[in-house]
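A closer look at the structure
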Amino acid sequence: GENVEQHPSTLSVQEGDSAVIKCTYSDSASNYFPWYKQELGKRPQLIIDIRSNVGEKKDQRIAVTLNKTAKHFSLHITETQPEDSAVYFCAASVSFNKFYFGSGTKLNVKP
Amino acid sequence: DAGVTQSPTHLIKTRGQQVTLRCSPKSGHDTVSWYQQALGQGPQFIFQYYEEEERQRGNFPDRFSGHQFPNYSSELNVNALLLGDSALYLCASSLASTTGNTIYFGEGSWLTVV
């Protein structure tokens, strides 16, 4: 089955700096890659996603890039704010909405 | 427009007992997936229900079973509970599709096995 690896496990940045989280996947058939933000004790919430026919997608301060050849995708957050502090999960979907999640990145934005 | 709702929110069970968790999908969604999220880890796929049948299953033992009702709501049953079953159980709903579709999570059910 699919294997998704996520790095780093923890990331600490100063407010206003950029944060980058990287994920790799193993199954070249994966075609949909969402990113979720999970605050303590809350549900994972979708923040951005990208499909395999697109190389980059941006939504205000958040962007995702996908390199299908290398089988990796990344989340970029610019101008970080304290409210961006949370755990971020990447995921990959092969078919029928079955998702494989990374192990998570705990982002801490220091004011 | 109601989102994904789950019940109960929290529960404590004893080893060997059985538990049933419930989920109502987002309005208009017909597919329900269940995930287990252990503390400090990413969600792991348990199984998925569509048209009242289990369509896909992850690497979970037969102690984990489920059901989907005609109104698309779903139940997750876990028998012979083990301490390692303690986790957040997340229900996710989506529309059936052969290509990737967005899934929406409920708030989850926190299960503690003692």
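In short, a report on the structure. (Residues numbered from 1 in each chain as written. Chains lettered and ligands numbered in written order. Predicted model: local features only at pLDDT ≥ 70, side-chain atom pairs only at ≥ 80, totals over all residues. Heavy atoms only, no water.)

With respect to the secondary-structure elements, Gln38 of chain A resides in strand S4 (residues 32–38). For the pair Gln38 of chain A and Ser85 of chain A, spaced 47 residues apart in sequence, the C-alpha separation works out to 9.4 Å. In contact with Gln38 of chain A, not counting residues within four places along its chain, are Arg43, Pro44, Ala86, Val87 and Phe89 of chain A together with Gln37 and Leu88 of chain B. Reaching out from Gln38 of chain A, the side chain makes a polar contact with the backbone oxygen of Lys42 of chain A at a distance of 2.9 Å. Within the local environment of Gln38 of chain A, its side chain forms a polar contact with the side chain of Gln37 of chain B, the two groups lying 2.8 Å apart. (Helix = DSSP H or I, 4+ residues; strand = E, 2+ residues; numbered from the N terminus. Contact = heavy atoms within 4.5 Å. Polar contact = N/O pair within 3.5 Å; in protein donor to acceptor, adjacent residues only side chain to side chain.)

Note: disulfide means a covalent bond formed between the sulfur atoms of two cysteine side chains. Enumeration over the complete set of coordinates arrives at 2 disulfides over all chains. Between the sulfur atoms of Cys23 of chain A and its disulfide partner Cys90 of chain A the distance amounts to 1.9 Å. Because the sign of the S-S torsion sets the handedness, a value of about -100° for the bond joining Cys23 of chain A and Cys90 of chain A places this disulfide among the left-handed ones. With Cys23 of chain A in strand S3 (residues 19–25) and Cys90 of chain A in strand S9 (residues 86–93), this residue pair connects regions lying 67 residues apart in the sequence. With a sulfur-sulfur separation of 1.8 Å, Cys23 of chain B is cross-linked through a disulfide to Cys91 of chain B. Measuring the twist about the S-S bond at about -60°, one finds the Cys23 of chain B-Cys91 of chain B disulfide to be left-handed. Pair noted here: Cys23 of chain B is in strand S3 (residues 19–24) and Cys91 of chain B is in strand S9 (residues 87–94), with a separation of 68 residues, a long-range link. Both residues of the pair, Cys23 of chain B and Cys91 of chain B, belong to the buried class. (Disulfide = S-S within 2.5 Å. Buried < 20%, exposed > 50% of the residue type's maximum accessible area, 1.4 Å probe, protein only.)

Our focus in this paragraph is the sheet that holds strand S6 (residues 56–59) of chain A. Either a parallel or an antiparallel arrangement is found when strands of a sheet pair, and the pairing is made through backbone hydrogen bonds. All names here are of chain A. The strand order across the open sheet built from 5 strands is S1-S3-S8-S7-S6, with neighbouring strands paired in antiparallel fashion. The open sheet is flanked by strand S1 (4–7) and S6, the only strands paired with a single partner. Averaged over neighbouring strand pairs, the angle between their axes works out to 15° when direction is ignored. For S6 and strand S7 (residues 62–67), the ladder comprises 4 bridges, and the chain directions are antiparallel. Considered in S7, the bridge of Lys58 is made with Ala63. (Pairing = 2+ DSSP bridges. Axes fitted to C-alpha atoms, helices over the stretch in contact; angles between N-to-C directions.)

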